[in-house]
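Observations on the model geometry
The lines below spell out each chain.
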Amino acid sequence: MNTTNRRKFLLKSGAAITATTLGAACSSGISPEKKQVPYINFNDTFRWKMVTTWPPNFPILGEGCNLFAQWVNEMSGGRMEITVYGGGELVPALEVFDAVSSGAVELGHGAGYYWAGKLPAAQFFATVPFGMNAQQMNAWFTGGNGTELWQKTYRDFNIIPYPGGNTGMQMGGWFNQEINSIEDIQGLKMRIPGIGGKVFNQAGGTSVLVAGGEIYTNLERGVIDATEWIGPYHDYQMGFHQVAQYYYYPGWHEPGTALELSVNREKYEALPTDLQSVIVAAAERLNHWSLCRSEAMNSEYAVKMAEEEGVQFRRFPDDVLTVFRKYSEEVIADAIQQDPLAKRAYESYAAFQQQMNRYTPYNEQLYHTNYGLMV
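Figured I'd write up the structure that's included with this text. (Residues numbered from 1 in each chain as written. Predicted model: local features only at pLDDT ≥ 70, side-chain atom pairs only at ≥ 80, totals over all residues. Heavy atoms only, no water.)

Focus: the overall build of the protein
- When helices and strands are counted, the protein shows 13 helices and 11 strands.
- Sequence separation of 24 or more characterises 78% of the internal contacts of the protein that already satisfy a separation of 6 or more.
- Entry remark: accessible area of the protein is about 18400 Å², with carbon and sulfur atoms responsible for 50%. (Helix = DSSP H or I, 4+ residues; strand = E, 2+ residues; numbered from the N terminus. Contact = heavy atoms within 4.5 Å. Areas by Shrake-Rupley, 256 points an atom, 1.4 Å probe, with all protein chains shown as cover.)

What about the pairing of strand S4 (residues 159-166)?
- With 8 of 8 residues buried, S4 lies mostly within the body of the structure.
- Strand direction decides the pairing type here: S4 and strand S10 (residues 258-264), joined by 6 bridges, are antiparallel. From the neighbouring strand, Asn 166 faces S10, where its bridge partner is Ala 258. (Buried < 20%, exposed > 50% of the residue type's maximum accessible area, 1.4 Å probe, protein only. Pairing = 2+ DSSP bridges.)

Topic: the packing of aromatic side chains
- In the structure shown here, the tally under the stated rule is 25 aromatic pairs.
- Look at Phe 175 and Tyr 248: their rings are 5.5 Å apart centre to centre, the planes differ by 80°, and that puts the pair in the edge-to-face class. A residue pair is termed long-range when its members are at least 10 positions apart, and Phe 175 in strand S5 (residues 173-175) and Tyr 248 in strand S9 (residues 246-249) qualify at 73 residues. Neither Phe 175 nor Tyr 248 differs from the other in exposure class; each is buried.
- Where Tyr 233 meets Tyr 301, the ring centres are 4.9 Å apart and the plane angle is 65°; that geometry is what we call edge-to-face. (Phe/Tyr/Trp six-rings, centres within 6.5 Å; stacked < 30°, edge-to-face > 60°.)

Details of the pattern of salt bridges
- Overall, the coordinates contain 13 salt bridges when judged by the stated rule.
- Ionic pairing is found between Glu 228 and Arg 191, a salt bridge with its closest N-O pair at 2.5 Å. Placement of the pair is Glu 228 in the loop between strand S8 (226-227) and helix H8 (232-238) and Arg 191 in strand S6 (residues 189-191), with a sequence separation of 37 residues. We note that Glu 228, like Arg 191, is buried. (Salt bridge = Lys/Arg side-chain N within 4 Å of Asp/Glu carboxyl O.)

Regarding the sheet that holds S4
- The mixed open sheet is built from 5 strands, whose spatial order is S2-S1-S3-S10-S4. Of all the strands in the sheet, the pair left with one neighbour each is strand S2 (80-85) and S4. Averaged over neighbouring strand pairs, the angle between their axes works out to 25° when direction is ignored.
- One ladder, built from 6 bridges, connects strand S1 (residues 46-52) with S2; its direction is parallel. Paired with Val 51 across the strands is Tyr 85, a residue of S2. (Axes fitted to C-alpha atoms, helices over the stretch in contact; angles between N-to-C directions.)

Notes on helix H12 (residues 340-359)
- In a regular helix each residue adds 1.5 Å, so 20 residues correspond to 28 Å; H12 covers 29 Å between its end C-alpha atoms and thus fits that length.
- In the core, the buried residues of H12 are packed alongside helix H4 (134-143), helix H5 (146-154) and helix H11 (318-338).
- Of the residues that open H12, the one with a side-chain oxygen 3.1 Å from the backbone nitrogen of Leu 341 is Asp 339. (Expected span 1.5 Å × (residues − 1). Polar contact = N/O pair within 3.5 Å; in protein donor to acceptor, adjacent residues only side chain to side chain.)

So, the sheet that holds strand S7 (residues 206-208)
- The strand order across the open sheet built from 6 strands is S7-S6-S8-S5-S9-S11, with neighbouring strands paired in mixed fashion. In the strand order of this sheet, the two ends are held by S7 and strand S11 (312-315), each with one partner.
- Across 3 bridges, S6 lies against S7 in parallel orientation. When the sheet's bridge partners are listed, Lys 189 is paired in S7 with Thr 206.

Observations regarding the environment of Gly 117
- Along the chain, the position of Gly 117 falls in the loop between strand S3 (107-110) and H4.
- The spacing of Gly 117 and Gly 194 is 77 residues in sequence and 9.2 Å in space, taken between C-alpha atoms.

Some details on the nonpolar core
- By size, the foremost hydrophobic cluster in this structure holds 102 residues, and its most contacted members are Trp 48, Phe 68, Trp 229, Ile 279 and Phe 324.
- Ranked by residues supplied to this core, first place goes to helix H10 (residues 273-308) with 9 residues.
- Sequence-distant contacts of Ile 279, defined by excluding residues within four places in its chain, comprise Trp 48, Phe 68, Val 72, Met 80, Val 263, Tyr 268 and Leu 271. (Core = buried A, V, L, I, M, F, W, Y, C linked by side-chain atoms within 4.5 Å.)

Below you can see the structure in the form of C-alpha cells.
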C-alpha cells in the first residue's frame, strides 16, 4: 500500500471509529461532551485531622473513630492518613462542630444535639424523646430522605454530615435516689443533653451539659445528682456504678441516638473523587460497626453489673414516663415554631416515624412482645 492510499485508509478508519463511538454514546443516552471522568491522582497524599467529643480512645465511640481512620488509610492505599484526637486534645469536646465548620480540622465526630444551641435543627438528626430506634433512624437516613435533608441543613455551615454510628436504645440514667413519682424529679440536677434536657427542666429538674470526661467527678462530688450517658457497657467503663445507686430504664430521651461524622465541605470537594468515595464508604462501615458492637457489649455488661456489681436496675414508673412524653411534645412544638430548619427536620422525622409505627405492629413489635423472650 503506497503512502497516499495508506493516508486515505487511516482517515476512513478514524471516521468510522468516531461514528461508532458517537452512536454508542447516543444509544446509551449519554452525551459525549457531558461524560465525566473521575479525578484521580495517585501521587497526591493527604494528612487530615479528626476531632471528637469523646474522651481519647473511648470504647466503641472513640475506638470506632480510630478504626475509621484505619479503614480510610487501607482503602486509599496509604494516600490518606487521618490523626484522631479525643475531646480536649486538640479542641474542647463541645467545639467539634465549630472546628470542622471553620476548616481548622477536616473531620469531626460527635452527636448533633451537642450543637443544638448553634443549630437547633441538628438535634433532630441525633435523637428525639420517644422517637425512632436505631434501625428506624438508619432507615430514615438511607431509605428515606434523612441524610439528604441533614446535608442541606448543614450546608451553610460548610459541613457535610454522615451517619457515623448509633448507640442503640440507651438507659434512663443513674440516680442517687429512687424515682417513684414525678415529684422526685423536683430540684434534681442531671447531666442530660438535647431535647431530653429541656424536658427534664419542664418536669422540675435542672439539666446540665457536661463533657463525658467530667461526668464521674461531678457525680462523685455532688455537683450533679444524676446522669445519663449511654448504656451498660460504656457506663460500666466510666465507673458510674461506683458513685450512684440506682440505674433506671428505659432511655426515653434517647431511643436510638445517631452519631455524626462531619466533613469540612471545601476540604472534601478538593479531594480526588475516589477518596471522596472512600470517606463515604468508611462512614457507612463505621455506622454499621458501632451499632453492632454496642448491642453486643451492652447485653454482656447488663448481666455483669446485675450479677457481679449488685447494680439495682429500676424501671421508670408509667406516670413519670407519661409526664415526660407530655413535656416532650411541648418542648418540640416550641423548638420547631422558632426555627424553620428545625421545623423542616422534625416534620420529616415525625412523618417517617409515623410510617414506621404503622408497620412495626405486624412484625418486630409483635414478635418481641409475645415470642422474642421465649428462651
